[in-house]
Amino acid sequence: MREPGAGVGVGVVGMGSIGVLHARALRDLAPRARLVAYSGAAPLSDDETPAGRAAHVTPEEVLHHEGVDVVAVCTPSGSHARLALAALEAGRHVVVEKPLAVTVEDALRVERAARERGLVVSMISQRRFEPQHQALRRALDDGALGELRLVATHVPWYRDDDYYAAAAWRSAAEEGGGSLMNQGVHNVDLLRWLCGPVESVTAQSGTLARPSGAEDTTVATLRLASGALGVVTTTTATPPGFPATVLLHGSRGSVELAQDEVVRWDVPGVPAPASGSAAGGAADPLAIGHVGHLAQWERVLAAVAGEAPPPVGVADAVETVRLLCAIRDAAATGRTVRPAEIGDEILRTFAP
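The rules behind the values
Residues numbered from 1 in each chain as written. Predicted model: local features only at pLDDT ≥ 70, side-chain atom pairs only at ≥ 80, totals over all residues. Heavy atoms only, no water. Phe/Tyr/Trp six-rings, centres within 6.5 Å; stacked < 30°, edge-to-face > 60°. Lys NZ or Arg CZ within 6 Å of the ring centre and 35° of its normal. Buried < 20%, exposed > 50% of the residue type's maximum accessible area, 1.4 Å probe, protein only. Helix = DSSP H or I, 4+ residues; strand = E, 2+ residues; numbered from the N terminus. Contact = heavy atoms within 4.5 Å. Pairing = 2+ DSSP bridges. Axes fitted to C-alpha atoms, helices over the stretch in contact; angles between N-to-C directions. Core = buried A, V, L, I, M, F, W, Y, C linked by side-chain atoms within 4.5 Å. Salt bridge = Lys/Arg side-chain N within 4 Å of Asp/Glu carboxyl O. Arc of directions from axis to C-beta.

## Regarding the packing of aromatic side chains
Inspection of the entire model under this criterion finds 1 aromatic pair. Ring geometry for Tyr-163 versus Tyr-164: centroids 5.1 Å apart, planes at 90 degrees, classification edge-to-face. A cation over an aromatic ring shows up here: Arg-159 above the ring of Tyr-163, its NZ or CZ 5.4 Å from the ring centre.

## Some points on helix α8 (residues 185-195)
Two residues of an α-helix separated by three or four positions point the same way, owing to the 3.6 residues in each turn. Of all 11 residues in α8, 11 are buried, a share of seventy percent or more. Along α8, the residues that are buried comprise Val-185, His-186, Asn-187, Val-188, Asp-189, Leu-190, Leu-191, Arg-192, Trp-193, Leu-194 and Cys-195. Count one or two residues on from α8 and you reach Gly-196, which has phi positive near 95 degrees.

## Some remarks on the side chain of Asp-216
Take Asp-216: it is sitting in the loop between β8 (198-206) and β9 (217-224). With residues near it in sequence (within four places) discarded, Asp-216 still touches Ser-179, Gly-206, Thr-207, Leu-208, Ala-209, Arg-210, Thr-234, Thr-235, Thr-236 and Ala-237.

## Looking at the sheet that holds strand β10 (residues 229-235)
Sheet architecture is open: 7 strands sit in the order β8-β9-β10-β7-β11-β12-β13, paired in mixed fashion. The strands lining the two open edges of the sheet, one partner per strand, are β8 and β13 (261-266). Ignoring strand direction, the axes of neighbouring strands in this sheet form an average angle of 10 degrees. Both β8 and β9 contribute to a ladder of 8 bridges, which runs antiparallel. Paired with Gly-206 across the bridge in β9 is Thr-217. Lying on the sheet, helix α5 (residues 131-141) is in contact with β7 (148-156), β11 (245-250), β12 (254-258) and β13; it crosses β12 at an angle near 165 degrees. In the packing of α8 onto the sheet, the strands contacted are β7, β9, β10 and β11, and the crossing angle to β11 comes to about 20 degrees.

## Considering the pairing of β7
Each regular strand carries side chains that alternate between the two faces of the sheet. Sheet analysis places β7 next to β11, joined by 6 bridges and oriented antiparallel. Directly across from His-154, in β11, lies its bridge partner Thr-245. Bridging between β7 and β10 involves 7 bridges; their strand directions are parallel. Looking at β10, one finds that Ala-152 is bridged to Val-231.

## Re the environment of Ala-220
When you line up the elements, Ala-220 lands in strand β9. Between the alpha carbons of Ala-220 and Ala-54 there is a distance of 44 Å; along the sequence they are 166 residues apart. Leave out the neighbours within four places in its chain, and Ala-220 touches Val-201, Thr-202, Ala-203, Gly-230, Val-231, Val-232 and Ile-327.

## Focus on the nonpolar core
Counting residues in each nonpolar core, the largest one holds 75 residues, and the members touching the most others are Leu-100, Val-110, Leu-136, Leu-145, Val-201 and Leu-248. With 10 residues, helix α10 (residues 314-333) is the single largest residue contributor to this core. Excluding residues that lie within four positions of it along the chain, Leu-100 makes contacts with His-80, Ala-81, Ala-107, Val-110, Val-121, Met-123, Val-314, Ala-317, Val-318 and Val-321. Grouped together as the second largest cluster of nonpolar side chains are 24 residues, Met-15, Tyr-38, Ala-72 and Ile-124 included.

## A look at the pattern of salt bridges
On inspection of all chains with the given rule, the structure shows 13 salt bridges. Between Asp-141 and Arg-137 there is a salt bridge; the shortest N-O distance is 3.1 Å. Within this pair, Asp-141 and its partner Arg-137 are both found in helix α5, separated by 4 residues, close to a single helical turn. A residue is classified by how much of its surface remains accessible, and Arg-137, at 24% relative accessible area, is partly exposed. The residue Arg-210 makes a salt bridge to Asp-161 at a minimum N-O spacing of 3.2 Å. Of this pair, Arg-210 sits in the loop between β8 and β9 while Asp-161 sits in helix α6 (residues 161-165); the two residues are 49 residues apart in sequence, bridging distant segments of the chain. The network of salt bridges with common partners includes Arg-128, Asp-189, Arg-192 and Asp-316.

## A few points about α5
Listed in full, the buried residues belonging to α5 are Gln-132, His-133, Ala-135, Leu-136, Ala-139 and Leu-140. Along α5, the residues classed as buried sweep out an arc of 160 degrees about the axis, all on the same side. Set apart from the buried face of α5 by more than 90 degrees, the exposed residues are Pro-131 and Asp-141. On its buried face, α5 sits against β7, α8, β11, β12 and β13. The positive-phi residue at the C-terminal boundary of α5 is Gly-143, with phi of around 75 degrees.

What follows is the structure, given as structure tokens:
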């Protein structure tokens, strides 16, 4: 598929606001990668990709374009798994926006297909690659915080009525709408990545700012496999919207980050990293920029070349979906839910 020396060919399915971030990252990675095809309502500007270098085609044509090595899925969440599976069946590597799927069953199907075909799947988790979170992960790996005891992430964001009116799926839980699955996913993923597996979950949710649709506020309590306890809160009902936070309290030190601003860094012997802008997507979904996407795409290219493991690989992505679904199920049923037990039935059907 790839011409010698032409770089990795990428096709983007869904050139909306998030797809444009991918286009910008690919532009910055030239000539190692190049956007060769994309689907979406409107053509890209010359600023996003040089004129004539990327074909504006249907989603199906993106998947089967002869120049595409990697398909980036940037469509509404409910279609992620279906399109990822179609891309894998077409022999393409896959980069998929968060979350990998909206059910554990679909996430496991994508994992199985990637394993059977020997193809790379990477779920976009760009916040893991921010310098502040990288520094925190190193401190945790070195034991600088000691044993984790209390952890929390809060996503007190705001989305107005126009945001929901612009896309019906944002109000549909079964399509991945709601403050937990759509907005809170990155911080849930961060907390799991930083703090390790979650053993059990309890939760409550509500639709507080509008009369119907997916929840706009969720509160969950976590018991981690390490023994630490945790809290997750997500909402899109708190104007004007505030930065998402991550708080970790250990036996030796504590850290609080507000988006990428270092609010507290009490870690003996470890200097605090510099703060970023802390803009995030508290009120504007497009305020996140494309730096994190660029960092993850650099690692994706290395994985496609066989030089490194995939960043946020498919098995890792499945575990984030498990935790999201566990919180959602706990809120719906009032029961304590164990993430590791979700999807057991389909796993048995996959067994040889």
